Amino acid sequence: MPLKKDIERLRRRKRRRQRLIRFTVHLFVWIGGAALYYVGFSLFFDTPYEYAMRHETDALREEYPRLKQRYDSLMLVMENVAARDENVFQSLFEASPYDFDSENRLQSASYEEVVGRTSQQLRDELEQRVSELETRLGTLRKSYATLREGIAAQGSGCKNIPSIQPVINKQLTLLTASYGMRYHPFYKTLQSHQGVDYTLPEGSRVFATADGVVKEVMMRNSTSGMTVVIDHGNGYETSYHHLQKAHVRRGQSVRRGDIIALSGNTGLSLAPHLHYEVRHAGMRVDPIHYFFMELTPSEYQRLMHITQTGMQSFD
């Protein structure tokens, strides 16, 4: 009896093993068949997603030449406008125009961003950029027409508009106090600082920032120290304070870039520096906006950033 039970137990175990083997074989056969079916189907038929992507790509391929032609046409017009602007700047400011392209150049999307977009999104984005370029072109044309009218109205008077810094400041490191409310070094209170301060050694050259006639040369008997005031006409005046020595006299005509004085530390001054002011129609205005001839847009932005930091006036 025990022998028969052992034999029966072995048979049942053998049948279970055989069933497990058959199940495993069938499972692999089904998996292999499904994989072969999927591969075969993919080779001859598109999934709904692949079908949609294929048609989007075909539509984009057909539309791209049309958009490229529009874009090239707009770029040609922009180049012509830029060439005219250069002639305008040469005649108006005796300098080359700003490199606006470096400031407004469209930033390229990263590879990851492009990969994550569909063809439809890329096409819509290209259409939007072309539309924005057309809008900018229209605005630029209006601006150009306005500029031409302004040039015609100003004539040679453009040379009498302050347009450079009064000292050599190529690294933009000499400006220590800007226009606005500043902490007075002597009175220890907030007061309106109606010009800009340049910290530089005594005896540094000071330049006229536009053509004009010397209106006043005031000596050291004031808080501003030795001061030169130039009348540029067109409602513009510039003044240069705390000078060491003046190289011009009252009534003398000067041109932009002429050396009119040497910087100093006269009057109520904390340290050697130049205080420079611009007046228009009798009102003091921010001189920073009158450095356009020698500053590129990036340098102007950097200078504006410097003026927004904490600054100490020297007078």
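Residues numbered from 1 in each chain as written. Predicted model: local features only at pLDDT ≥ 70, side-chain atom pairs only at ≥ 80, totals over all residues. Heavy atoms only, no water.

## Concerning the overall build of the protein chain
Okay, step 1: Assigned secondary structure in the protein chain consists of six helices and 12 strands.
Okay, step 2: Within the protein chain, the proportion of its 315 residues that are buried is 31%.
Okay, step 3: Taking the intrachain contacts of the protein chain between residues at least 6 apart in sequence as the baseline, contacts between residues at least 24 apart amount to 68%.
Okay, step 4: Total accessible area on the protein chain stands at roughly 20,100 Å², and carbon and sulfur atoms take up 57% of it. (Helix = DSSP H or I, 4+ residues; strand = E, 2+ residues; numbered from the N terminus. Buried < 20%, exposed > 50% of the residue type's maximum accessible area, 1.4 Å probe, protein only. Contact = heavy atoms within 4.5 Å. Areas by Shrake-Rupley, 256 points an atom, 1.4 Å probe, with all protein chains shown as cover.)

## Remarks on the pairing of strand β4 (residues 196-199)
Residues in a regular strand project their side chains so that they alternate between the two faces of the sheet.
Okay, step 1: Of the strand pairs in this sheet, strand β1 (residues 175-177) and β4 are connected by two bridges, and their pairing is antiparallel. Paired with Ala 177 across the bridge in β4 is Asp 197.
Okay, step 2: Where β4 lies against strand β11 (residues 273-280), four bridges are found, and the strand directions are antiparallel. Residue pairing for β11: Tyr 198 is matched across the bridge by Leu 274. (Pairing = 2+ DSSP bridges.)

## Topic: the side chain of Ser 204
Okay, step 1: Tracing the sequence through the fold places Ser 204 in the loop between β4 and β5 (205-207).
Okay, step 2: Engagement of the side chain of Ser 204 in a polar contact is seen with the backbone oxygen of Pro 201, the distance being 2.8 Å.
Okay, step 3: Setting aside anything within four residues of it in sequence, one finds Ser 204 in contact with Ala 261, Leu 262 and Ser 263. (Polar contact = N/O pair within 3.5 Å; in protein donor to acceptor, adjacent residues only side chain to side chain.)

## Things to note about the environment of Glu 134
Okay, step 1: Positionally, Glu 134 belongs in helix α5 (residues 119-154).
Okay, step 2: Classification of Glu 134 by relative accessible area gives partly exposed; the value is 34%.
Okay, step 3: Put simply, Glu 134 and Arg 70 are 64 residues apart on the chain and 9.5 Å apart in space, counted from C-alpha to C-alpha.
Okay, step 4: Non-local contacts of Glu 134, meaning those with residues more than four positions away in its chain, are made with Arg 70 and Leu 74.

## Points about the nonpolar core
Okay, step 1: Grouped together as the largest cluster of nonpolar side chains are 29 residues, with contacts concentrated most on Tyr 198, Val 228, Tyr 240, Leu 243, Ile 260, Leu 274 and Leu 303.
Okay, step 2: When contributions to this core are tallied by element, the ones reaching two or more residues are β4, β7 (226-233), β8 (236-246), β10 (259-263), β11 and α6 (297-307).
Okay, step 3: When neighbours within four sequence positions are excluded, Leu 243 is seen to be in contact with Val 206, Met 226, Thr 227, Val 228, Ala 261, Leu 262, Ser 263, Gly 264, Thr 266 and Leu 274.
Okay, step 4: Residues Leu 74, Val 130, Leu 133 and Leu 137 belong to the second largest nonpolar core, which totals five residues. (Core = buried A, V, L, I, M, F, W, Y, C linked by side-chain atoms within 4.5 Å.)

## Considerations on the pattern of salt bridges
Okay, step 1: Counted according to the given criterion, the structure contains three salt bridges.
Okay, step 2: As a salt-bridge pair, Lys 215 and Glu 237 come within 2.7 Å of each other at their nearest N and O atoms. Of this pair, Lys 215 sits in strand β6 (residues 212-218) while Glu 237 sits in strand β8, and the two are 22 residues apart along the sequence.
Okay, step 3: Of the charged contacts in the structure, one is a salt bridge between Glu 277 and Arg 279, with a shortest N-O distance of 3.3 Å.
Okay, step 4: One salt-bridge network, in which partners are shared between bridges, spans Glu 277, Arg 279 and Arg 284. (Salt bridge = Lys/Arg side-chain N within 4 Å of Asp/Glu carboxyl O.)

Scope: geometric values only; no functional claims are made or implied.
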